[in-house]
Amino acid sequence: MKRREFLLGSGAAAGALGLGGFALASGPQELAIQPASFSLREQVTEGMVSLSPDAPPPVLYGKQGEVMRLPVRNTLPDYTAMHWHGLRIANQMDGVPYLTQIPMGEGETFHYEFTPPDAGTYWYHPHCMTMEQMAHGLTGVMVITEAEDPGFNSEQVINLRDFRLDDAGAFLPAYTPRGAARAGTFGNVHTANWMQAPAYDHAAGSLVRLRVVNTDTTRIYKLHLDGAGARIIAWDGHPVEIDVPMPSANDPLLVGPGQRVDFAVRMPESESQTINLMAKLPGQPMRAMARLRALGASVARDLRELSPLVANPVAKPNLDNAQLHEFVFGWTPEGGEPNNGFCGSLGYNFWSINRTPWPGDAAQDVGPLATLEMDKSYVLRLRNESPNLHPIHLHGLAFIPIKSNLRTLPPLMTDTMLLLKDEVVEIALVADNPGDWAFHCHVIEHQKTGLTGFIRVV
Ligand code: C2O
Ligand code: CU
Ligand code: CU
């Protein structure tokens, strides 16, 4: 990583430029899903999927409450559809094949257009040929900036994910049936923004907004920051309104696939001191996934100078009259193969919701797991009866965890709830976005082998 590859101190969008950040002010820019090649290690890896021929999917910037127009063109021979993870937008823009749109064939363009109601850190990925396209690179970060500038000097987006490569840098199969039936199949090249342990320069003593996103298909990261004056300011996009203890080496933060954490970081005083984003991967020593490196003379900012982030306009559920719905996530005794139409099948059913494996995206006459009435409050009881962890994701709505049988859960707004082994978590929400909302595990192998369904809001 070259020094000064990233601009310093020029406001919120600066950190994105090195990733090819798109200026939305210049009007709609077509996003063309296309083959790419990139040096993930020493050798160039071919057969990647991105939005340009030789770079990771860019950070897409939008503004809270302002319309975004994102024409997505598919140049691949395979079908696809793009999903905007965590955005509470209109159902027909949600990018879920057969549920909200027809998948896009080769040469087709879908004009996504939506107005994000919430600021924060979100991301995008395909929801058709999901395993193949995500495993080959198509996972990008989306930043929705606040109406009011919270006062950082700069920001840094870190897109964490693995790739599964052989020694020659070629892709290994994205999954194994053995993995899919258990915790998932793990990658062996661990990247941040498609690089191994990149270092990013930010002015010494400055305030950096560090946005960490887990876009991996499988891995649950155990993260902490090393050498930092920092605090957690947002979780899964939404501002944190309580004091969340900073994770440490002994007490790391679990960030499941699909989840995001934003830190306010105060850079060290002296030139070239670093703050490291550390991860503990199974069977390996603690490693730095990415580094922030202090540059120049200290600009002497203080974390207390930041204005607190303004809460997103998410309705607060009323627990007194909330109706309860129960969901059980577990294995399925049935074999069979889901019918995903043009969207690819892994060829197995291993998992189920309420003991029924998802019959497939393209299966006919599949009903919702639950039907919720518009603007009413609900409690969803999520029971993991398997020994594996499941990041359970609901599209189109934000929710708050209210209790767990295993731990004290801070009431942090989210769209993805990581269920631990044998955990039962209750979440609460107001059903205020109409439509059919996908509800699935974000370990893509689980999602694509049965652990999927949808919830209807009418
Ligand atoms: Cu991030 Cu249905 O997905
Ligand atoms: Cu989503
Ligand atoms: Cu799962």
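**A look at the overall build of the protein chain**
At step 1: The secondary structure content of the protein chain amounts to three helices and 29 strands.
At step 2: Whereas a compact globule of 458 residues would reach a radius of gyration of roughly 23 Å, the protein chain reaches 21 Å, a difference of no more than 12%.
At step 3: Seen through its C-alpha atoms, the protein chain measures out along the principal axes to roughly 65 × 55 × 45 Å.
At step 4: When each of the 458 residues of the protein chain is scored for burial, the buried share is 52%.
At step 5: When contacts within the protein chain are restricted to residue pairs at least 6 apart in sequence, long-range pairs at least 24 apart make up 76% of them.

**Some remarks on the UniProt feature "domain: Plastocyanin-like" (unreviewed entry) in the protein chain**
At step 1: The positions UniProt marks with the feature "domain: Plastocyanin-like" (unreviewed entry) are residues 38-147 and 366-453.
At step 2: End C-alpha atoms of residues 38-147 are separated by 36 Å, and the span's content is 5% helix alongside 39% strand.

**Observations regarding the sheet that holds strand 4 (residues 68-74)**
At step 1: Pairing in this open sheet of four strands is mixed, and the strands run 2-1-4-6 from one edge to the other. The open sheet has two edge strands with one neighbour each: strand 2 (44-50) and strand 6 (109-114). Mean inter-strand twist for the sheet, computed between neighbouring axes without regard to direction, equals 35°.
At step 2: Sheet topology note: the strand 4/strand 6 ladder contains six bridges and is antiparallel. Bridge pairing links Pro71 to His111 in strand 6.

**Describing the nonpolar core**
At step 1: With 124 residues, the main nonpolar core has Met142, Ile158, Phe263, Val265, Ile427 and Leu429 as its most contacted residues.
At step 2: Looking at this core, you find at least three residues from each of domain 1 (14-305) and domain 2 (319-457).
At step 3: Excluding residues that lie within four positions of it along the chain, Leu429 makes contacts with Pro317, Tyr378, Leu397, Ala398 and Phe399.

**Some thoughts on the domain arrangement of the protein chain**
At step 1: In terms of domain boundaries, the protein chain breaks down into domain 1 (14-305) and domain 2 (319-457).
At step 2: Inter-centroid distance (C-alpha atoms) of domain 1 to domain 2 is 23 Å.
At step 3: The interface of domain 1 with domain 2 comprises 40 residues on the first partner and 37 residues on the second.
At step 4: When residues of the side of domain 1 that touches domain 2 are traced back to their parent elements, those giving at least two are helix 1 (130-135) and helix 2 (177-180).
At step 5: No other element matches the four residues that helix 1 contributes to the side of domain 1 that touches domain 2.

**Focus on unusual backbone geometry**
At step 1: The phi torsion at Ala197 lies on the positive side, around 50°, for a residue other than glycine.
At step 2: By the secondary structure assignment, Ala197 is in the loop between strand 10 (189-192) and strand 11 (199-203).
At step 3: You can call Ala197 partly exposed: it has 15 C-beta atoms within 10 Å.
At step 4: With a phi close to 70°, Asp375 is a non-glycine residue in the positive phi region.

**What to know about the sheet that holds strand 23 (residues 377-384)**
At step 1: The strand order 21-20-23-27-25 describes an open sheet built from five strands, whose pairing is mixed. At either end of the open sheet lies a strand with only one pairing partner, and these are strand 21 (351-353) and strand 25 (400-404). Each strand of the sheet is rotated relative to its neighbour by a mean of 20°, with strand direction disregarded.

**Section: the pairing of strand 1 (residues 31-39)**
At step 1: In terms of strand pairing, strand 1 meets strand 4 through three bridges, oriented parallel. Along strand 4, the bridge assignment pairs Ala32 with Arg73.
At step 2: By the bridge criterion, five bridges tie strand 1 to strand 2 in an arrangement that is antiparallel. Each bridged residue has a counterpart across the sheet, and for Ala36 the counterpart in strand 2 is Met48.
At step 3: In this structure, the hairpin formed by strand 1 and strand 2 is closed by a connection of four residues.

**Digging into the confidence of the model for the protein chain**
Interpreting fine coordinate detail is not advised for predicted regions of low pLDDT.
At step 1: Scored by pLDDT, the protein chain comes out at a mean of 93, with 94% of its residues at no less than 70.
At step 2: Note that residues 1-26 has pLDDT below 50 and, in this model, 56 contacts with residues that lie over four places away or in other chains.
At step 3: Here the complex is predicted with pTM 0.94, and the ipTM for its interfaces comes to 0.99.

**Re the environment of Thr416**
At step 1: Among the structural elements, Thr416 can be located in strand 26 (residues 416-419).
At step 2: Of the residues examined, Thr416 has 22 C-beta atoms within 10 Å and is grouped as buried.
At step 3: Linking Thr416 and Pro391, residues 25 residues apart in sequence, is a C-alpha distance of 5.9 Å.
At step 4: Apart from residues lying up to four places away in sequence, Thr416 is in contact with Asp236, Gly256, Gly258, Gln259, Pro391, Ile392, His393 and His442.

**Examining the environment of Pro317**
At step 1: The residue Pro317 is located in the loop between strand 19 (287-295) and strand 20 (323-331) in this model.
At step 2: Judged by the 21 C-beta atoms lying within 10 Å of it, Pro317 is buried.
At step 3: With 23 residues separating them along the chain, Pro317 and Asn340 place their C-alpha atoms 34 Å apart.

Calculation criteria
Residues numbered from 1 in each chain as written. Chains lettered and ligands numbered in written order. Predicted model: local features only at pLDDT ≥ 70, side-chain atom pairs only at ≥ 80, totals over all residues. Helix = DSSP H or I, 4+ residues; strand = E, 2+ residues; numbered from the N terminus. Rg over C-alpha atoms; globule rule 2.2 N^0.38 Å. Buried ≥ 20, exposed ≤ 12 C-beta atoms within 10 Å, placed from the backbone. Contact = placed C-beta atoms within 7 Å. UniProt positions renumbered as here; feature names shortened; annotations may be inferred. Pairing = 2+ DSSP bridges. Axes fitted to C-alpha atoms, helices over the stretch in contact; angles between N-to-C directions. Core = buried A, V, L, I, M, F, W, Y, C linked by C-beta atoms within 7 Å. Domains from an automatic or database assignment. pLDDT = per-residue confidence, 0-100.

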